[in-house]
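For reference, the chains in residue letters:
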Amino acid sequence: MELFWRRGFDGTSLSDLTTAIGISPPSLYSAFGSKEGLFHEAVELYTSRERAPIARAVREQPTARQVVEAMLRDSADAVTDPEAPRGCLVVLAATNTADEGVREFLAARRRKDHALVEQRLERGVAEGDLPASTDTAAMTTFLMTIQQGLSLQARDGRSRAELHAVVDRAMCAWDSLV
């Protein structure tokens, strides 16, 4: 997972993978079917519900605003974690691969996150937490653009504090979004 996270799909060779895992190429193909199959498994591990800031925020926070703020702050923390590669595997791997199947797989993963946030905002409208006039589709796209942008900024070396300042400004926009 970390090799793909650091180097991307195209930048990680079969030799890199077999060396890191300690298996032969035939064993890798037997276990995962292909390099892409192993990549899918790595992304699934990376996005497991226990580790995913978006799913955790939706599960744990009581209001739509709290969900959004927790999602963005947890994302800022995750992409600047000093114990892990900087940035988000799902966002960054999509920008550095020529493999159409990998790009579509990652786009589908991002669409799942987008749908999860939009469903939560729609629930906020249904529960009266957000005004009925809230454009949840546009709001979700705005929020996901910020969330994904945090990853690129982290990869470029922005600090956790700088990314939290971005979240502060995004949350200042909350009232105009709703």
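Everything that follows concerns the structure shown earlier in this document.
Everything quoted here is computed from the prediction, not taken from an experiment. Within every chain, residues take consecutive numbers counted from 1 along the sequence as written. Totals for whole chains, interfaces and linings use every residue, but because this is a predicted model, local features are given only for residues with pLDDT of at least 70 and side-chain atom pairs only at 80 or more, for both listing and counting. Just so you know, side-chain values use all the structure's heavy atoms and leave hydrogens and water out.

Peer 1: Summarise helix H5 (residues 53-60); cite the residues concerned and give the values.
Peer 2: The classification of residues rests on relative accessible area computed with a 1.4 Å probe and restricted to protein chains. Under 20% of the type maximum is buried, over 50% is exposed, and intermediate values are partly exposed. Secondary structure elements are defined from DSSP: runs of H or I of at least 4 residues count as helices, runs of E of at least 2 residues count as strands, and each element is numbered from the N terminus. Among the residues making up H5, those that are buried are Pro-53, Ile-54, Ala-55, Ala-57 and Val-58. Buried residues belonging to H5 abut helix H6 (64-79), helix H8 (100-126) and helix H9 (136-155). Note on contacts: a residue pair is in contact if any heavy atoms of the two residues lie within 4.5 Å.

Peer 1: How would you explain the environment of Pro-85 if you had to name every residue and give the values?
Peer 2: Mapped onto the elements, Pro-85 comes out in the loop between H6 and helix H7 (89-95). Separated by 80 residues in sequence, Pro-85 and Trp-5 have C-alpha atoms that sit 6.7 Å apart. Not counting chain neighbours up to four residues away, the residues in contact with Pro-85 comprise Glu-2, Trp-5 and Arg-6.

Peer 1: Give a description of the pattern of salt bridges that names residues and reports values.
Peer 2: A carboxyl oxygen of Asp or Glu within 4 Å of a side-chain nitrogen of Lys or Arg is what we treat as a salt bridge. Counted under the stated rule, the structure contains ten salt bridges. The partner of Arg-7 in a salt bridge is Asp-16, and the shortest N-O contact between them spans 2.8 Å. Look at Arg-7 and you get partly exposed, because its relative accessible area is 40%. According to the relative accessible area criterion, Asp-16 is partly exposed, its value standing at 24%. Salt-bridge contacts for Arg-111 lead to Glu-104; the nearest nitrogen and oxygen are separated by 2.4 Å. A relative accessible area of 40% means that Glu-104 is categorised as partly exposed. Several salt bridges share partner residues, and in doing so they unite Glu-69, Arg-73 and Asp-168 into one network.

Peer 1: Lay out the side chain of Thr-140 in plain terms, naming residues and giving numbers.
Peer 2: With respect to the helices, strands and loops of the structure, Thr-140 is situated in helix H9. By relative accessible area, which is 0% here, Thr-140 ends up buried. If near-sequence neighbours (up to four positions away) are discounted, Thr-140 is found in contact with His-114, Val-117, Glu-118 and Leu-121.

Peer 1: Which residues make up the packing of H6 against H8, and what values go with them?
Peer 2: Think of each axis as a best-fit line through the C-alpha atoms, taken over the contacting stretch in the case of a helix, with angles from 0 to 180 degrees between the N-to-C directions. Viewed as axis vectors pointing N to C, H6 and H8 meet at an angle of 155 degrees, and their least axial separation amounts to 9 Å. On the basis of their axis angle, the class for H6 and H8 is roughly antiparallel. For the pair formed by H6 and H8, the contact residues are Ala-64, Val-67, Val-68 and Met-71 on the first element and Val-117, Arg-120 and Leu-121 on the second. Polarity classes work like this: nonpolar for Ala, Val, Leu, Ile, Met, Phe, Trp, Tyr, Cys and Pro, charged for Asp, Glu, Lys and Arg, and polar for all others, with Gly in that last group. Its residues assigned to classes, the contact of H6 with H8 shows six nonpolar, no polar and one charged. Just so you know how the angles are binned, under 35 degrees is roughly parallel, over 145 roughly antiparallel, 65 to 115 roughly perpendicular, and the rest oblique.

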